[in-house]
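Here is what each chain is made of, one letter per residue.
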Amino acid sequence: GDSVPRAPYLRQLVDLDYIVSRLGELWTTREDIVDWLTSPNGFLDMVEPIDVVVDEGPRRVLDAIDAERAGSYV
């Protein structure tokens, strides 16, 4: 549409878009990506990655994705 999200929400959307694209390198289905974003994550102290993005920004989630790619397990 014609509306644009307010600045803080726009930044979160841009961050989330980047995170989803990074997750797309690991998983090919939307369901797998959504499951990862909405499941407690050991690298994030058992907090859901989507909540970390909203509360803190993308840095720790991107680190968790890097750890996942490296095959690390917590």
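Above: the structure in question.
Residues numbered from 1 in each chain as written. Predicted model: local features only at pLDDT ≥ 70, side-chain atom pairs only at ≥ 80, totals over all residues. Heavy atoms only, no water.

We now examine the pattern of salt bridges. Scanning all chains against the criterion turns up seven salt bridges. Residues Arg69 and Glu25 are paired through a salt bridge, measuring 2.3 Å at the closest nitrogen-oxygen approach. In this pair, Arg69 sits in helix 4 (residues 59–70) while Glu25 sits in the loop between helix 1 (7–23) and helix 2 (30–37), placing the two residues 44 residues apart along the sequence. In this structure, Arg60 and Asp45 form a salt bridge, with 3.5 Å as the shortest nitrogen-oxygen distance. Taken together, the residues Arg60 in helix 4 and Asp45 in the loop between helix 2 and helix 3 (49–56) connect sequence positions 15 residues apart. (Salt bridge = Lys/Arg side-chain N within 4 Å of Asp/Glu carboxyl O. Helix = DSSP H or I, 4+ residues; strand = E, 2+ residues; numbered from the N terminus.)

As a further point, take helix 2. Every buried residue belonging to helix 2 is among Ile33, Trp36 and Leu37, and all of these are buried. Taken end-on, helix 2 shows its buried residues confined to a sector of 95 degrees, consistent with a single buried face. Packed against the buried residues of helix 2 are helix 1, helix 3 and helix 4. (Buried < 20%, exposed > 50% of the residue type's maximum accessible area, 1.4 Å probe, protein only. Arc of directions from axis to C-beta. Contact = heavy atoms within 4.5 Å.)

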